[in-house]
Amino acid sequence: MRACSAFSVLEVKRDSEATKRRSGPALRPCGMILAEYREVSVIPAYKDKERGTWYASFYYTDWQGHRKLKKKRGFARQKDAKAFEDEFLKTRAQSCDMTFGSMVELYLDDMEHRLKANTMRNKRYLYKARILPFFQDLKINDITPAHVRKWQSNLLAEGVAPTYAKTINNQLSAVFNYACQYYGLARNPAKVAGSIGKENADEMKFWTVDEFTKVVENVPKLPGRTGLSVLFWTGLRIGELLALTPADINLEDCTLSVNKSFQTIDGEEVVTEPKTPKSRRVLPIPPKLADMLRVYLNALYKPDPADRLFPFTKHYFRQQMQKGCKAAGIEPIRLHDLRHSHAALLIHLGTPILMVSERLGHEDVETTLRTYGHLYPSATSDAVKKLNDLMR
């Protein structure tokens, strides 16, 4: 059943009575009217004789109740101009007769100032590359669970990684949830269709201390050795490392302050807020790591306290790590896996899960448990042994 909308499109005859009911300035109608309850407005389209194209020009009422003129040129056909007007007015009317593509734009516009710029860039990419090619022109309230299942099958047939498949599917479901909550869509067809993929990868790669030591000793450049050491011994995210400044390092107290992140967004280098509020943290660091940072700072030429400590890119550190791996004969891992390596090391040392979570800057302990809980294989057997020892 289609959700009720504030507007409905009606076919009418171009007779004098319809013309008399028309509101707004005198315009040449295209044979369709838009009815908002009792008020009827003709949807116009015009021929641009100079350019040989069609254009749309019509009035609408914005969310503050102000009447405004909307004009768009350059349509090759009259039907294209009419379709633009129809779709525009449906979005204004909060009608689920609009296309999925229009709903995506409304959703992204709403999210623009609620999410970090890098997160928005990733969202836009996923919709453009993975979701819109299938759903773009379908009406939101015509999309069924069967459509979603077909799209899911196509995605899985491409052989995308399970975690990536789940991420893409979650983005599709987010648009339908938005339509349900704010535009009256009756149900989320993606929810009915069911999810695909996996939340976490089957295998988590990480290095032991010995493996990391062999690699870092073969990293050719001092900035590379120092930066990779910070990642391994602190568990920082790569964006947090790249945003560090000399002012964030306290060599006397052996602490490191995380309060920002570095991103490259559409070719522009920007410093942003950390990933989550809990990402803001002051980390105690090993004295030997503080000594390494002291050597690195002394090698810099008059560093300003506000300058980036590592004025490089993610690619630079990835390249440095790969060179170290090749020279040491160690299987490469991702830069982010150095964060996993730090977590695995803390767990191996018997560090309480709450402390691991705080050190990694996770928003809650549940996130840490979901990600690293499987690295506690001996916890149950140890607990049973202690219970057995207490029995008489």
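Conventions we followed
Residues numbered from 1 in each chain as written. Predicted model: local features only at pLDDT ≥ 70, side-chain atom pairs only at ≥ 80, totals over all residues. Heavy atoms only, no water. Axes fitted to C-alpha atoms, helices over the stretch in contact; angles between N-to-C directions. Helix = DSSP H or I, 4+ residues; strand = E, 2+ residues; numbered from the N terminus. Parallel < 35°, antiparallel > 145°, perpendicular 65-115°, else oblique. Left-handed = near helix turned anticlockwise from the far one by under 90°. Contact = heavy atoms within 4.5 Å. Nonpolar A, V, L, I, M, F, W, Y, C, P; charged D, E, K, R; others polar. Phe/Tyr/Trp six-rings, centres within 6.5 Å; stacked < 30°, edge-to-face > 60°. Buried < 20%, exposed > 50% of the residue type's maximum accessible area, 1.4 Å probe, protein only. Lys NZ or Arg CZ within 6 Å of the ring centre and 35° of its normal. Arc of directions from axis to C-beta. Pairing = 2+ DSSP bridges. pLDDT = per-residue confidence, 0-100. Expected span 1.5 Å × (residues − 1).

### Observations regarding the packing of helix α9 (residues 222-234) against helix α11 (residues 287-299)
Move 1: Two numbers describe how α9 lies on α11: the axes approach to 10 Å, and their chain directions differ by 150°. If you check the angle between α9 and α11, you find them roughly antiparallel. Seen along the crossing, α9 lies across α11 with a hand that is left-handed. Residues L222, P223, R225, T226, S229, V230, W233 and T234 of α9 form the contact with α11, whose own contacting residues are L289, M292, L293, Y296 and A299.
Move 2: Tallied by class, the residues present in the contact of α9 with α11 amount to nine nonpolar, three polar and one charged.

### A look at the packing of aromatic side chains
Any pair of aromatic rings gets described here by the distance separating the centres and the angle formed by the planes.
Move 1: Throughout the structure, instances matching the rule amount to 15 aromatic pairs.
Move 2: Here the aromatic rings of F232 and W233 are separated by 5.0 Å at their centres, their planes lie at 85°, and the arrangement is edge-to-face.
Move 3: Looking at W233, the relative accessible area reads 28%, which means it is partly exposed.
Move 4: Taking 5.9 Å as the distance between ring centres and 75° as the angle between the ring planes, the aromatic pair formed by F310 and F317 counts as edge-to-face. Considered together, F310 and F317 belong to a single accessibility category, that of buried residues.
Move 5: Each member of the aromatic cluster is reached from another via a ring pair, and the members are F100, F134, F135, W151 and F176.
Move 6: For R73, the ring lying beneath its charged end belongs to Y55, and the centroid distance is 4.6 Å.
Move 7: Above the plane of the ring of F262 lies R308, whose end atom (NZ or CZ) is 3.8 Å from the centre.

### Side note on the packing of helix α14 (residues 353-360) against helix α15 (residues 365-372)
Move 1: Axis separation between α14 and α15 bottoms out at 9 Å; the angle between their running directions is 100°. For the element pair α14 / α15, the angle class is roughly perpendicular. Contacts from I353, L354, V356, S357 and L360 of α14 reach α15 at V365, T368, L369 and Y372.
Move 2: Within the contact of α14 with α15, the residues separate by chemical class into seven nonpolar, two polar and no charged.

### Examining the environment of N170
Move 1: With respect to the secondary-structure elements, N170 resides in helix α6 (residues 162-183).
Move 2: Note: C-alpha distance between N170 and I196 (26 residues apart in sequence) is 9.1 Å.

### Describing helix α8 (residues 209-216)
Move 1: Among all positions of α8, only F212, V215 and V216 are buried. Each buried residue of α8 sits inside an arc of 90° when the element is viewed along its axis, so together they form one side.
Move 2: Buried residues along α8 sit against α9, α12 (314-328) and α13 (336-348).

### As for the sheet that holds strand β7 (residues 249-250)
Move 1: Taken in spatial order, the three strands line up as β7-β8-β11 in an open sheet, and their pairing is antiparallel. Each end of this open sheet is capped by a strand with a single partner; those strands are β7 and β11 (281-284).
Move 2: As judged from the four bridges shared by strand β8 (residues 255-258) and β11, these two strands associate in the antiparallel manner. Pairing of S257 across the sheet is with V282, part of β11.

### Focus on unusual backbone geometry
Move 1: We note that C254 has phi near 55°; this positive angle belongs to a residue other than glycine.
Move 2: Position of C254 relative to the elements: it lies in the loop between β7 and β8.
Move 3: Judged by its relative accessible area of 17%, C254 is buried.
Move 4: For K302, which is not a glycine, the phi torsion comes out positive at approximately 45°.
Move 5: The residue K302 is located in the loop between α11 and α12 in this model.

### Comments concerning the confidence of the model for the chain
Move 1: This prediction gives the chain a mean pLDDT of 83; 82% of its residues lie at or above 70.
Move 2: Within the model, the stretch residues 1-41 combines pLDDT values under 50 with 73 contacts to residues more than four positions away or in other chains.

### Topic: the pairing of strand β9 (residues 261-265)
Move 1: Extensive coverage of β9 is indicated by the burial of four of its five residues.
Move 2: Alignment of β9 against strand β10 (residues 268-272), held across five bridges, turns out to be antiparallel. Counterpart to T264 in the pairing with β10 is E269.
Move 3: From the end of β9 to the start of β10, which pair antiparallel, there are two residues, and D266 there has a positive phi angle of about 50°.

### A few points about α12
Residues spaced three or four apart along an α-helix face the same direction, because each turn holds 3.6 residues.
Move 1: Across its 15 residues, α12 extends 21 Å between first and last C-alpha, which sits within 8% of the 21 Å expected from 1.5 Å per residue.
Move 2: Those residues of α12 that sit buried are Y316, F317, Q320, M321, G324 and C325.
Move 3: Elements that come into contact with the buried residues of α12 comprise α8, α9, α10 (238-243) and α13.

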